Amino acid sequence: MSLSSLKFALFGNKYQTQKSTELQRVLDILREAGVRLAIDREYGEFISANGSICLDGIEKFDGDDFSADFVISMGGDGTFLMAANRVGSKQIPIIGINMGRLGFLADINSNDIDTELGAIIRGEYNIEERTVICIESDGKPLVPDNCALNDIAILKRDNASMITIDAKINDEELTTYEADGLIVSTTTGSTAYSLSVGGPILVPQTGIMSITPVAPHSLNIRPVVVSDCSEITLTVESRSHQFLVAIDGRSVDCKEGSTLTVRKAPHTIKIVKRNGQSFFKTLREKMMWGAKYNT
């Protein structure tokens, strides 16, 4: 495929005005390569109103009404998840440029933009396919965008008492959780919210997901790892008769009495990885394993 036929679609974080220099570098590299460009209209208008970046000649698009050979997410992992949600089942590979903090998904640092984007344009990259999970309520999608790359969390509302969650795996009873919530995480999301509440780190492409309680009432309740082909059924009781479902951080109010089902989605998300960048290398870098500290 010639470079002139390649098309890149850009998404970004509207709250990072100080990062416009990185966007300018990305645009310069892509324009010099002669590829076609498109940008999320809301992000583009924000950039135009808050900086000196010229977006003339760049196509604007709204929502998920776009097509491209690659998507570039400029921000942290939250921006990457937003981009993944907009990509949905399009199977467009996503490049994550990290302008946030930790950056497990957005793992190209600002210092490496020139080198890494140049390599991708030359075709020097790998693509990893990551499992996506979705949630239904009484057999129907809970919301139109009901899929998550990271995790789906069932959570108590505000200062309400803990909630009770009956969980089944493939119609077999697992246990009843009394907790502040429950997180069903993909391997991709295992280093996010799930990890912060004691969940296990899961290696991508292992075909598993984890079920991790948030602040369980009983100390003998522990995370459970199951096949990502499993169907997880959840029934929730709450003193307030309401609870929250967070789908990659997008919160939805729910009323008790519904039967929630979490299962693997029929599509995956493709993530562009640099040659030589493995999951374990990323893990060591981000978690600072083996780092020596001055005393």
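Residues numbered from 1 in each chain as written. Predicted model: local features only at pLDDT ≥ 70, side-chain atom pairs only at ≥ 80, totals over all residues. Heavy atoms only, no water.

(A) Looking closely at the packing of helix H1 (residues 20-33) against helix H4 (residues 113-121). With their axes 10 Å apart at the nearest point, H1 and H4 run at an angle of 30° to one another. In terms of crossing hand, the pair formed by H1 and H4 is right-handed. Across from Glu-22, Arg-25, Val-26, Ile-29, Leu-30 and Ala-33 in H1, the residues of H4 making contact are Ile-113, Asp-114, Leu-117 and Ile-121. Split into classes, the residues belonging to the contact of H1 with H4 amount to 7 nonpolar, no polar and 3 charged. (Axes fitted to C-alpha atoms, helices over the stretch in contact; angles between N-to-C directions. Helix = DSSP H or I, 4+ residues; strand = E, 2+ residues; numbered from the N terminus. Left-handed = near helix turned anticlockwise from the far one by under 90°. Contact = heavy atoms within 4.5 Å. Nonpolar A, V, L, I, M, F, W, Y, C, P; charged D, E, K, R; others polar.)

(B) The arrangement of unusual backbone geometry in detail. In this structure, Ala-215 is a non-glycine residue whose phi angle is positive, near 50°. A positive phi is found at His-241, a non-glycine position, where the angle reads about 65°. Note on placement: His-241 falls in the loop between strand E16 (232-237) and strand E17 (242-247).

(C) Highlighting the pairing of strand E18 (residues 250-255). In this sheet, E18 lies alongside E17 in antiparallel orientation, the contact comprising 6 bridges. Bridging across to E18, Ala-246 finds its partner in Ser-251. The hairpin turn running from E17 into E18, its antiparallel successor, is 2 residues long, and Asp-248 in that turn takes a positive phi close to 50°. (Pairing = 2+ DSSP bridges.)

(D) Summary view of the sheet that holds strand E15 (residues 224-227). Taken in spatial order, the 6 strands make up an open sheet running E15-E14-E13-E10-E17-E18, and their pairing is antiparallel. Among the strands making up the open sheet, the edge pair consists of E15 and E18. When strand polarity is set aside, the average angle formed by the axes of neighbouring strands in this sheet is 20°. Bridging between strand E10 (residues 151-155) and strand E13 (residues 181-185) involves 5 bridges; their strand directions are antiparallel.

(E) View of helix H3 (residues 77-87). Among all positions in H3, only Thr-79, Phe-80, Leu-81, Ala-83, Ala-84, Arg-86 and Val-87 are buried. Looking at the buried side of H3, the elements it contacts are strand E1 (7-12), strand E2 (36-40), strand E3 (59-61), strand E4 (70-75), strand E5 (94-98) and strand E19 (259-274). Phi turns positive one or two residues past the end of H3, at Gly-88, with a value near 55°. (Buried < 20%, exposed > 50% of the residue type's maximum accessible area, 1.4 Å probe, protein only.)

(F) Representation of helix H2 (residues 41-50) in the model. Every buried residue belonging to H2 is among Tyr-43, Gly-44, Phe-46 and Ile-47, and all of these are buried. With its buried residues spanning 160° around the axis, H2 presents them on a single face. Set apart from the buried face of H2 by more than 90 degrees, the exposed residues are Glu-45 and Ala-49. Elements that come into contact with the buried residues of H2 comprise E1, H1, E2 and E4. (Arc of directions from axis to C-beta.)

(G) Spatial organisation of the pattern of salt bridges. Evaluated as defined, the whole model comprises 14 salt bridges. The closest approach of N and O atoms between Glu-59 and Lys-7, which form a salt bridge, is 2.9 Å. Of this pair, Glu-59 sits in strand E3 while Lys-7 is found in strand E1, placing the two residues 52 residues apart along the sequence. Owing to a relative accessible area of 38%, Glu-59 belongs among the partly exposed residues under this scheme. The buried category is assigned to Lys-7, whose relative accessible area is 8%. With a closest N to O distance of 3.5 Å, Asp-228 and Lys-264 form a salt bridge. Of the two residues, Asp-228 is situated in the loop between E15 and E16 and Lys-264 in strand E19; the sequence distance between them amounts to 36 residues. Residue Asp-228 is classed as buried on the basis of its relative accessible area of 5%. Its relative accessible area of 36% is what places Lys-264 among the partly exposed residues. One network of salt bridges, in which partners are shared, links Glu-136, Glu-231 and Arg-263. (Salt bridge = Lys/Arg side-chain N within 4 Å of Asp/Glu carboxyl O.)

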